[in-house]
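What follows is the residue order along each chain.
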Amino acid sequence: MNCFIIAAITADGYIAQNESQTSFLWTSKEDKKRFIELTKRAGVIVMGSTTYASLPKPLKDRVNIVYSRSKNFEGAETTQDAPAELLKKLETRGFKEVAICGGAHIYSLFMNAKVVNKIFLTIEPLVFGSGIKLFSEESPFKLKLLNMEKTESGTLLLEYEVDYLNPVK
Ligand SMILES: NC(=O)c1ccc[n+]([C@@H]2O[C@H](COP(=O)([O-])OP(=O)(O)OC[C@H]3O[C@@H](n4cnc5c(N)ncnc54)[C@H](OP(=O)(O)O)[C@@H]3O)[C@@H](O)[C@H]2O)c1
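Just so you know, these numbers come straight off a predicted model, no measurement behind them.

Undergrad: What is the right way to look at the nonpolar core in this model?
TA: Across soluble globular proteins, you tend to see nonpolar side chains buried next to one another. Counting residues in hydrophobic clusters, the biggest one holds 43 residues, and the most contacted among them are Ile5, Ile100 and Tyr107. Among the elements that take part in this core, strand E1 (residues 2-10) stands out by supplying 7 residues, more than any other. In contact with Ile5, not counting residues within four places along its chain, are Ile100, Tyr107, Phe110, Met111, Val116 and Ile119.

So this is what it looks like as structure tokens:
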């Protein structure tokens, strides 16, 4: 099972200015294009309830899975499974790839469960100064840069492989 994180960050490492920021006007068209391509290819997307609640509607042509301890959402399946358990269940349903779409709590949950193979990270050329960081918990892991593309407007589209075997010292 290929499990990848997909996220857009500012140059100072933030994924949002605050929890209630629902607009993605600050991300580039290239980021949105890559997000749609990769998540549709996977066919299943996983989010936390805060992120899902910020969407106007479920993302179409993809199974929407939402982590929540207390809520149910229309158009989505709710789970509290440990990441490895969820991936096993999705594998038995025939999925070969899963897109982990945030926010910070869900990125950390999967990263620290050591089930993430790749990170597709977009760095947009702007800063927030404060806000929600990519990860909500310590996640000291090494990455290997596999691909890098720079757009005309200065967006960086990065693809990393996660190296869980060599700890950060
Ligand atoms: N820039 C980007 O690429 C990007 C991508 C995604 C999101 N975002 C932004 O990130 C922000 C939200 O991030 P966030 O970290 O605050 O929230 P989040 O990760 O989207 O959701 C957190 C919620 O997930 C549920 N949850 C977490 N761990 C769980 C577990 N082990 N079992 C069951 N449920 C669990 C809980 O929901 P309940 O309270 O319902 O139990 C928790 O309140 C928003 O501003 C959003 O716009 C940015």
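From this point, things continue past the structure.
Undergrad: What exactly am I supposed to notice about helix H3 (residues 83-92) here?
TA: Since the α-helix advances by 3.6 residues per turn, residues separated by three or four positions end up pointing in the same direction. Inspection of H3 places Pro83, Leu86, Leu87 and Leu90 among the buried residues, and these make up the whole buried set. Within H3, the buried residues cover an arc of 100° as seen down the axis, which keeps them to one side. Every exposed residue of H3 that faces more than 90 degrees away from the buried side is listed here: Glu85, Lys88 and Thr92. Its buried side turned inward, H3 meets E1, strand E3 (44-48), strand E5 (77-79), strand E6 (97-100) and helix H4 (104-112). Backbone geometry just downstream of H3 places Gly94 in the positive-phi region, at approximately 100°.

Undergrad: I'm lost on the pairing of strand E9 (residues 142-150) in this one. Help?
TA: E9 sits mainly on the outside: 0 of its 9 residues count as buried. Here E9 hands over to strand E10 (residues 156-163) after 5 residues, with Gly154 in that stretch at a positive phi of 95°.

Undergrad: Is there a simple way to explain the sheet that holds strand E4 (residues 63-67) in this structure?
TA: Strand pairing in a sheet relies on backbone hydrogen bonds. The paired strands run either parallel or antiparallel. Strand order in the open sheet made by the 8 strands is E5-E4-E3-E6-E1-E7-E10-E9, with mixed pairing throughout. Each of the sheet's edge strands pairs with one partner strand only, and the pair in question is E5 and E9. On average, each strand axis in the sheet is inclined to that of its neighbour by 25°, with strand direction left out of account. Sheet contacts for H4: E1, E3, E4 and E6; angle to E1, the most-contacted strand, approximately 140°.

Undergrad: Can you walk me through unusual backbone geometry in this structure?
TA: Working note: non-glycine residues mostly have negative phi, and peptide bonds are mostly trans. At the junction of Gly102 and Gly103, the peptide bond is cis and its omega measures out at 0° in the coordinates. Along the chain, the position of Gly103 falls in the loop between E6 and H4. Phi at Asp61 takes a positive value of approximately 65°, unusual for a residue other than glycine. As for its placement among the helices and strands, Asp61 is situated in the loop between helix H2 (49-53) and E4. According to the C-beta neighbour criterion, Asp61 is exposed, with 9 such atoms within 10 Å. Non-glycine residue Lys114 carries a positive phi angle of around 60°. Counting through the fold element by element, Lys114 comes out in the loop between H4 and strand E7 (118-124). By C-beta crowding, Lys114 is classed as exposed, having 12 other C-beta atoms within 10 Å.

Undergrad: Any chance you could explain the site of the ligand here in plain terms?
TA: Close to the ligand lie 27 residues, the nearest being Ala16, Gly48, Thr51, Gly102 and Gly103. Elements with a minimum of two residues in the shell around the ligand: E1, strand E2 (14-16), E3, H2 and H4. Per element, the largest residue contribution to the shell around the ligand is 4 residues, and it comes from H4.

Undergrad: Is there a simple way to explain the pairing of E1 in this structure?
TA: For a regular strand, side-chain orientation follows a simple rule: the groups alternate between the two sheet faces. With 8 of 9 residues buried, E1 lies mostly within the body of the structure. Two strands pair when backbone bridges link them, and E1 and E6 are joined in this way by 4 bridges, in the parallel orientation. Opposite Phe4, over in E6, you have Ala99 as the bridge partner. Relative to E7, E1 runs parallel, the two being bridged by 7 bridges. Within E7, the position partnered with Ile9 by the bridge is Ile123.

Reading the values: rules and limits
- Residues numbered from 1 in each chain as written.
- Predicted model: local features only at pLDDT ≥ 70, side-chain atom pairs only at ≥ 80, totals over all residues.
- Core = buried A, V, L, I, M, F, W, Y, C linked by C-beta atoms within 7 Å.
- Buried ≥ 20, exposed ≤ 12 C-beta atoms within 10 Å, placed from the backbone.
- Helix = DSSP H or I, 4+ residues; strand = E, 2+ residues; numbered from the N terminus.
- Contact = placed C-beta atoms within 7 Å.
- Arc of directions from axis to C-beta.
- Pairing = 2+ DSSP bridges.
- Axes fitted to C-alpha atoms, helices over the stretch in contact; angles between N-to-C directions.
- Near = placed C-beta within 6 Å.

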